[in-house]
Amino acid sequence: MGARMWISSSVILLLGVCVTEQAYFLEEDFIDSINEKAKTWKAGINFDPNTPKEYIVKLLGSKGVQVPHKLNLKMYKTDDEAYVNLFGRIPKKFDARKEWRRCITIGQVRDQGNCGSCWALATSSAFADRLCIATNYEFNELLSAEELTFCCHLCGFACHGGYPIKAWSYFRRHGIVTGGDYQSGEGCAPYRVPPCFSEEDGNNTCRGQPMEKHHRCTRMCYGDQEIDYDDDHRFTRDYYYLTYASIQKDVMTYGPIEASMEVYDDFPSYKSGVYEKSENATYLGGHAVKLIGWGEEDGVPYWLMVNSWSEMWGDKGLFKIRRGTNECSVDNSMTAGVPVVY
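Residues numbered from 1 in each chain as written. Predicted model: local features only at pLDDT ≥ 70, side-chain atom pairs only at ≥ 80, totals over all residues. Heavy atoms only, no water.

1. What about the state of the cysteines?
Selection criterion: By convention in this document, the label disulfide applies to cysteine sulfur atom pairs within 2.5 Å. Secondary structure elements are defined from DSSP: runs of H or I of at least 4 residues count as helices, runs of E of at least 2 residues count as strands, and each element is numbered from the N terminus. The classification of residues rests on relative accessible area computed with a 1.4 Å probe and restricted to protein chains. Under 20% of the type maximum is buried, over 50% is exposed, and intermediate values are partly exposed.
Per the stated rule, a full pass over the model turns up five disulfides. Here C151 engages in a disulfide with C217; their sulfurs sit 2.0 Å apart. Taking the sign of the torsion about the S-S bond as the criterion, the disulfide between C151 and C217, at about 105°, is right-handed. Linking C151 in helix α5 (residues 145-151) with C217 in the loop between α6 (164-173) and β7 (240-242), this pair joins segments that are 66 residues apart in sequence. Disulfide pairing places C152 opposite C155 at an S-S distance of 1.9 Å. As the torsion about the S-S bond is roughly 75°, the C152-C155 disulfide counts as right-handed. The same class applies to C152 as to C155, namely buried. Between C118, a cysteine without a disulfide, and C115, which holds the nearest cysteine sulfur, the sulfur-to-sulfur distance is 8.8 Å. For C118, a relative accessible area of 0% gives the class buried.

Below you can see the structure in the form of structure tokens.
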């Protein structure tokens, strides 16, 4: 009797050996098929075509994508006294990197490593940008994605995903310390998940490796040990979702925000242009990124986003996604908070 085989959506079991399913959507033929149909963007190789599908899915850690009929309207910010300073004028093009050139963190592309901590990097990075702006550049460094990922137990499940709105709530209740990237030694609590380096041919150093294990929550400074842990905490005064009409006003007033979105199997191969989901694309999961601006390209309005899959991904780590049509539910799923400045 021949070998028995069981086939599922994620693994193939053959003679008792577990073989992880390859990500079909990273193959060259699949990418070519995207480019044949996509009108507003181009796809290309960002990951090794042999990367397991499971690895890509594990990078998608946002549980903050909002379904329109389930919106908690009380959590949505529609107006702010500070908006009056805009005099009702929203420019066609806006880039926070240019508006606040001296804030070094705004355009910084981070690497979440083999961990579904996008929700933590996007929120802590946006908060750091907002602190820089609110303090007139006096504060100009990263906040600790490490602390948020592994110490905020109410936020979610660490490397297995979390809720961005609960991260902003954590900033208000508990505050967060400073912390730079992996092995930077910068700030109180630097990120301790190693990056996944992508080489020219798309090979990724995390391919085939298990997801990062849960880190112990360290309530002390191990980066710059001259920093006092208790004194290093920064806070927000509030936390909120943004209505579509208030997104641009909030960004122009306070700075970048977190944006969650649905990810489909064509998105990992994004290279340039304004992303729109392919007609028959398959859903993979929810992802969190940082929104830093907007504009139009060939008549197509877009949001300008910073991803956390290293500078080797996409357009040097950034991407554009269609604005105003709730592409991948992104227009409904943006969060923020206003920093407390003493």
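2. Some thoughts on unusual backbone geometry
With glycine set apart, most residues show a phi of negative sign, and most peptide bonds adopt trans. Here the phi dihedral of S310 falls at roughly 80°; this positive angle occurs in a residue that is not glycine. Along the chain, S310 falls in the loop between β11 (300-306) and β12 (318-322). Among the residues examined, S310 registers a relative accessible area of 10% and is labelled buried. Although it is not a glycine, S329 adopts a positive phi angle of roughly 65°. Owing to a relative accessible area of 11%, S329 belongs among the buried residues under this scheme.

3. Considering the environment of Y182
To keep things clear, this is the line we draw: Should any heavy atoms of two residues lie within 4.5 Å, those residues are considered in contact. Polar contact is the term for a pair of N or O atoms within 3.5 Å; when the atoms are in protein, one must be able to donate a hydrogen and the other to accept it, and sequence-neighboring residues count only if both atoms are side-chain atoms.
Within the secondary structure layout, Y182 lies in the loop between α6 and β7. For Y182, a relative accessible area of 32% gives the class partly exposed. Placed 36 residues apart in sequence, Y182 and E146 show a C-alpha to C-alpha distance of 9.5 Å. With sequence-adjacent residues up to four places away left out, Y182 is seen in contact with Y191, R192, V193, P194 and P195. Separated by 3.5 Å, the side chains of Y182 and Q183 make a polar contact.

4. With respect to the nonpolar core
For clarity, the threshold we go by: Note on terminology: a nonpolar core comprises buried Ala, Val, Leu, Ile, Met, Phe, Trp, Tyr and Cys residues joined through side-chain atoms within 4.5 Å.
Grouped together as the largest cluster of nonpolar side chains are 85 residues, with contacts concentrated most on L148, L291, W303, M305, F319, I321 and M334. When neighbours within four sequence positions are excluded, M334 is seen to be in contact with Y240, Y241, L242, I247, I257, E258, A259, L291, W303 and M305. Formed by nine residues, the second largest nonpolar core is a distinct cluster that contains C115, F150, C159 and M211.

5. A word on the pattern of salt bridges
Applicable threshold: Any Lys or Arg side-chain nitrogen found within 4 Å of a carboxyl oxygen on Asp or Glu counts as a salt bridge.
Taken as a whole, this structure holds 13 salt bridges when the rule is applied. Put simply, D80 and R237 hold a salt bridge, and the shortest N to O gap is 3.3 Å. With a gap of 157 residues between them, D80 in the loop between β5 (76-77) and β6 (94-95) and R237 in the loop between α6 and β7 connect regions that are remote in the sequence. A salt bridge links D250 to R130, with the nearest nitrogen and oxygen atoms 2.6 Å apart. One end of the pair, D250, is in helix α7 (residues 244-254); the other, R130, is in helix α4 (residues 118-134), with 120 residues separating them in the sequence. Salt bridges sharing common partners tie together K77, D80, R130, R237, D238 and D250.

6. Some thoughts on the packing of aromatic side chains
For the record, the criterion: Aromatic rings from Phe, Tyr and Trp, with only the six-membered ring used for Trp, were paired whenever their centres fell within 6.5 Å, and each pair was classed as stacked if the ring planes differed by under 30 degrees, edge-to-face if by over 60, and tilted otherwise.
Scanning the model with the defined rule gives 23 aromatic pairs in all. Each ring, one from Y76 and one from Y241, has its centre 5.0 Å from the other, and the planes form 15°; the classification is stacked. With Y76 in strand β5 and Y241 in strand β7, this residue pair connects regions lying 165 residues apart in the sequence. Across this residue pair, the class does not change: Y76 and Y241 are buried. Aromatic side chains F267 and F319 sit 5.0 Å apart centroid to centroid with 75° between the ring planes, which places their arrangement in the edge-to-face category.

7. What to know about a negative patch on the surface
The cut-off we apply is this: Patch members must show over 30% relative accessible area and no salt bridge, and they are joined within 9 Å when carrying like charges or within 5 Å when they are nonpolar side chains of Val, Leu, Ile, Met, Phe, Trp or Tyr. Surface accessibility in these figures is a Shrake-Rupley result with a 1.4 Å probe; residues are shielded only by whichever protein chains are displayed. Charged residues are defined narrowly, with Lys and Arg counted positive, Asp and Glu counted negative, and His plus the chain ends left uncounted. Charge placement uses NZ in Lys and CZ in Arg. For Asp and Glu, CG and CD serve respectively.
A cluster of acidic residues, E27, E28, D29, D32 and E36, forms a negative patch at the surface. Its place among the elements puts D29 in helix α1 (residues 28-37).

8. A short note on the environment of G223
Mapping G223 onto the fold places it in the loop between α6 and β7. Exposure remark for G223: the relative accessible area of 22% places this residue in the partly exposed category. Spatially, the C-alpha atom of G223 lies 9.4 Å from that of T178, the residues being 45 residues apart in sequence. Leave out the neighbours within four places in its chain, and G223 touches G185, G187, C188 and P190.

9. Focus on the side chain of D129
Here D129 lies in helix α4. Filtering out sequence-adjacent residues up to four positions away, D129 remains in contact with C103, T105, I106, P256 and K290.

10. A look at the side chain of K290
Along the chain, K290 turns up in strand β10 (residues 283-297). Only 3.0 Å separates the side chain of K290 from the backbone oxygen of I106, close enough to count as a polar contact. Non-local contacts of K290, meaning those with residues more than four positions away in its chain, are made with T105, I106, A122, S125, A126, D129, P256, I257, L304, M305 and V306.

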